[in-house]
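Chain and residue survey
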Amino acid sequence: MSSTQAESVIRNIIREIAGTCLSRGQSLSETLIAFMLCVDRLMDQASPTLHTIKMQVYFDMNYTSRREFLEMQQKVQQSRHLSLSREITDCRAKTREDLQNLYSKIVSYVIQRSNLGSATDINAVRETTAALQSVFPPSQLATFMSLLKQDKEKQLSQLTLIVSGIRLFNKDSRKGGESIQNVPAVLSEAVPAAVADVERELEGVQRLAWRYTALVEKISERDSEQHQDLIQPDLLRQALYNTRQHEAFLKFILADLILCAKEVTRLQADLGTRMALLREIVHANTTVPTAHVFPHFTRVATLWAELEAEMLLLSMLSNVTPGLRPFLSAQTLLSPEQLELMLHGRQIPSDSDRSAATAGERIESDMSSCEWIFPENTSNFEKVPLQFKGFCGLTLVQKNGLLLPGNPYIGVLKHKEKYYAFSSRSAALEFAGKADEFTGAVVEMAKRTPELIQLLQLHQEFASVTPYAEMQSGQKLLVKVISKSDASIQTEIHPLETNIVKSYEWNEWALRRKAIKLANLRNKVTHSMQTDLSHMRRHNSTQTFLPRDAHTQTKRDGESNVPKPQVYLSGLRGGPSAHTHMTKVDLTRAVDE
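Residues numbered from 1 in each chain as written. Predicted model: local features only at pLDDT ≥ 70, side-chain atom pairs only at ≥ 80, totals over all residues. Heavy atoms only, no water.

A short note on the side chain of Ser 424
Here Ser 424 is to be found in the loop between strand S3 (418–420) and helix H17 (425–433). Note on Ser 424: relative accessible area 16%, which makes it buried. Among the polar contacts listed, one links the side chain of Ser 424 to the side chain of Ser 426, at a separation of 3.2 Å. If we skip the residues at most four places from it in the chain, Ser 424 touches Glu 361 and Ile 410. (Helix = DSSP H or I, 4+ residues; strand = E, 2+ residues; numbered from the N terminus. Buried < 20%, exposed > 50% of the residue type's maximum accessible area, 1.4 Å probe, protein only. Polar contact = N/O pair within 3.5 Å; in protein donor to acceptor, adjacent residues only side chain to side chain. Contact = heavy atoms within 4.5 Å.)

Details of helix H18 (residues 435–448)
Its 14 residues give H18 an end-to-end C-alpha distance of 21 Å, which sits within 8% of 20 Å, the value for a rise of 1.5 Å per residue. Every buried residue of H18 is accounted for by Ala 435, Phe 438, Thr 439, Val 442, Val 443, Met 445, Ala 446 and Lys 447. (Expected span 1.5 Å × (residues − 1).)

Examining the confidence of the model for the chain
Per-residue confidence for the chain gives a mean pLDDT of 82; residues scoring 70 or more make up 81%. Considering only residues more than four positions removed or in separate chains, one finds that residues 223–229, a stretch of pLDDT under 50, has eight contacts. Considering only residues more than four positions removed or in separate chains, one finds that residues 464–483, a stretch of pLDDT under 50, has 26 contacts. (pLDDT = per-residue confidence, 0-100.)

Some details on unusual backbone geometry
For Phe 388, which is not a glycine, the phi torsion comes out positive at approximately 60°. For Phe 388, the position within the fold is in the loop between strand S1 (371–373) and helix H16 (393–398). Backbone geometry at Asn 400 places phi at a positive 55°, although glycine is not the residue there. Within the element layout of this structure, Asn 400 appears in the loop between H16 and strand S2 (412–415).

Considering the packing of helix H4 (residues 66–80) against helix H12 (residues 290–324)
Interaxial distance between H4 and H12 falls to 10 Å at its minimum, and their mutual angle equals 120°. When the interaxial angle is binned, H4 and H12 end up oblique. The chirality of how H4 crosses H12 is right-handed. Judged by residue contacts, Arg 66, Phe 69, Leu 70 and Gln 73 of H4 engage Ala 309, Glu 310, Leu 312, Leu 313 and Met 316 from H12. (Axes fitted to C-alpha atoms, helices over the stretch in contact; angles between N-to-C directions. Parallel < 35°, antiparallel > 145°, perpendicular 65-115°, else oblique. Left-handed = near helix turned anticlockwise from the far one by under 90°.)

Things to note about the packing of aromatic side chains
Per the stated rule, a full pass over the model turns up 14 aromatic pairs. Judged by centre distance (5.7 Å) and plane angle (45°), the rings of Tyr 58 and Phe 327 are tilted. Taken together, the residues span a long stretch of sequence, with Tyr 58 in helix H3 (residues 48–62) and Phe 327 in the loop between H12 and helix H13 (330–333) at a distance of 269 residues. A ring pair is formed by Phe 136 and Phe 144, whose centres lie 5.9 Å apart and whose planes are at 75°; its orientation type is edge-to-face. Each member of the aromatic cluster is reached from another via a ring pair, and the members are Trp 372, Phe 388, Tyr 420, Phe 422, Phe 431 and Phe 438. Here Lys 152 stacks its cationic end above the ring of Phe 144, 5.9 Å away from the centre of that ring. Above the plane of the ring of Trp 509 lies Arg 512, whose end atom (NZ or CZ) is 4.6 Å from the centre. (Phe/Tyr/Trp six-rings, centres within 6.5 Å; stacked < 30°, edge-to-face > 60°. Lys NZ or Arg CZ within 6 Å of the ring centre and 35° of its normal.)

So this is what it looks like as structure tokens:
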């Protein structure tokens with residue numbers, strides 16, 4: 001649950017309490033109510049409820065899902081080397097010394113980005129430099145500097161993968177790479193050990209949860225009056241919620257660890273296949289084309305980076321598991337001897353035993369008009385999202401907070417696009433008859449026991465709580481989920497740089513201007529004609545480009561006055577003789593006059 005949702009739930013609870021006090025003649029401020037509630041809860045250090053809420057907060061603050069964790073690590077990895085990458089792409093080296101410094105920065109970037117050794121380790125620097133020179137010699141720096149910044153970043157990433165693959169292949173061939181940690185070997189030992197530790201702890205918590213379930217069930221049957229003075233029933237129920245919450249968190253972690261183990265096995269097998277293929281290509285040929293071998297080096301580096309990400313994920317999960325143990329207060333609430341004394345030799349069934357006991361019960365299609373789903377008519381039946389985390393809602397309401405796991409194979413009720421499982425056929429039929437009433441009762445119980453909100457995944461129910469100030473007369477606190485809301489979204493025009501269309505125009509008038517330029521109307525003649533049908537119908541107009549005034553401005557005006565040449569030709573009009581005699585007379589004045 002996000003912080004905004006949590007604040008909304010708390011605010012609505014406080015307003016409800018304020019409204020109850022006001023109906024009884026006491027007007028109290030919301031600040032005073034919040035203070036009194038927090039103080040009362042926080043001072044009760046022996047309450048399992050407080051430890052359960054602390055456990056939920058700790059898990060929410062420290063646990064991250066697999067997908068989000070890997071995405072976050074990728075962003076952190078990119079931001080960590082952003083400054084060095086910017087120095088390389090923005091470099092404008094001119095001298096030989098500047099080029100040498102630029103090449104050294106590229107070597108440092110490759111080491112840091114690949115996470116294969118330290119940039120201060122002389123052996124790692126030598127190995128990386130040798131591998132980089134075989135792929136990208138210093139003579140290509142001039143070509144590299146002439147590229148665009150985006151192309152430089154792509155080439156740096158590609159060089160990092162190729163050089164990392166070469167170093168890893170050399171390590172596999174025992175020709176270097178002593179400073180590189182053997183990640184596959186570490187994971188081969190750490191993953192099974194982590195899975196075994198969580199499974200062992202989960203088994204212990206489950207046994208404790210089964211004992212508290214049997215004890216709360218016994219108390220709900222009211223056959224243990226002689227032991228009510230030993231501990232209060234409310235504390236037993238809070239202890240049961242505490243163990244079930246710890247069990248749920250351990251199942252989350254165990255599922256991630258199992259997925260991590262499968263992914264590590266796949267990556268190790270793929271890495272071994274790539275290494276064997278590289279050895280065959282490199283050792284069998286004297287000269288190997290780069291187009292054949294570079295993709296294998298790139299793939300090896302990618303697989304290694306994914307293994308390192310799995311190791312970081314394993315570290316996170318391994319740190320969360322021991323952090324949950326201090327919040328398991330149910331383990332210290334009653335000693336094993338006290339539990340045995342209160343149970344009086346009562347049989348303690350496990351969750352699987354309870355499911356086996358109700359295996360013969362099954363909802364028939366003619367028993368109810370409601371919609372039921374079964375394994376034979378539903379694909380991926382095991383992955384159906386059950387409400388209340390699979391616990392029986394009817395038992396929770398009728399037996400005052402008892403958590404009994406439901407058996408989906410009895411039949412899963414589909415009500416308002418939600419799915420419910422039950423502990424018995426009778427409970428399923430009774431719940432189906434009043435589904436909305438029992439669902440509201442579970443939510444009301446969660447208001448009094450806040451740890452159930454997280455344990456039973458009731459956030460959606462509390463997201464539809466109406467604030468007290470907005471309630472109408474006679475209206476209940478819970479109303480239907482708001483289906484309309486104001487929202488806005490902004491999307492990128494071109495998420496991928498390669499898909500950018502340079503000629504794209506969003507403005508219609510810009511397209512019109514381009515069309516006019518293409519038509520080149522300045523060199524065309526406009527014709528118009530009217531007929532009897534078009535006469536007086538509409539006015540047509542054509543837009544053309546007017547000639548643009550062009551001027552040239554110089555720094556200053558300068559001129560020189562020289563005599564203007566003047567030549568006079570005489571005799572051109574003829575004379576008394578039959579032949580024309582022309583005389584050229586130069587009338588130009590002298591320059592020095």
